[in-house]
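This is what each chain is made of:
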Amino acid sequence: STHETLSAAMNNSESSTVTINLGVSIEHMSSVQNIGVMQDKTTLVAKKIATDLFNYMQSFDTGSGGGGNMVVPKNVFERWMSRFEAKARVDPNFFMKNSDES
């Protein structure tokens, strides 16, 4: 990776010069203004994934935890992750299809 190459070059006592190439892109203002929209979408995606996990965990809750606590199997996260990955292979945006915006 670039980071590893740069770190190796900086730690190499034989080399006193490190060359870094930077790229600059000049974009139309309308494409730059979409950056805020991407952040909002990232937050929405995170909320949807968290909601999917919560709903999955809640489906195992027996109600025996009391006081608003949830009792679930120890391996619930691994089970959810396997299910999530399998569903994502079929439809990468499956979790976005739920209409409630919690």
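Summary of the structure given here. Residue indices begin from 1 for each chain and proceed along its sequence in written order. Restriction of local features to residues with pLDDT of at least 70 applies here, the model being predicted, together with a cutoff of 80 or more for giving and counting side-chain atom pairs; totals for whole chains, interfaces and linings are based on all residues. Each side-chain value is worked out from all heavy atoms of the structure, with water and hydrogens disregarded.

Moving on, we come to the overall build of the protein. Under the scheme used here, helices are H or I runs from DSSP no shorter than 4 residues and strands are E runs no shorter than 2 residues, and both carry numbers assigned from the N terminus. Assigned secondary structure in the protein consists of 4 helices and 0 strands. Going through the 102 residues of the protein one by one, you find that 9% of them count as buried. Here, residues are in contact when the closest pair of their heavy atoms is within 4.5 Å. Contacts in the protein between residues at least 24 apart in sequence constitute 43% of all its contacts with a sequence separation of at least 6. Per-residue and other accessible areas were derived by the Shrake-Rupley procedure at a 1.4 Å probe size, with only the shown protein chains allowed to occlude residues. Surface accessibility of the protein: about 8,400 Å² in total, with carbon and sulfur atoms responsible for 57%. Summary of the burial criterion: residues with accessible area below 20% of their type's maximum are buried, those above 50% are exposed, and those between are partly exposed, where the area comes from a 1.4 Å probe applied to protein chains only.

With that settled, consider the environment of Leu53. With respect to the element layout, Leu53 can be found in helix H3 (residues 35-58). Here the alpha-carbon distance between Leu53 and Trp80, two residues 27 residues apart in the chain, equals 6.8 Å. Residues within four places of Leu53 in sequence aside, it is in contact with Phe77 and Trp80.

Once that is clear, we can look at the side chain of Asp52. Residue position: Asp52 is located in helix H3. Relative accessible area serves as the criterion here: at 14%, Asp52 is assigned to the buried category. Discounting residues that sit within four places of it in the chain, Asp52 has contacts with Trp80, Arg83, Phe84 and Phe94.

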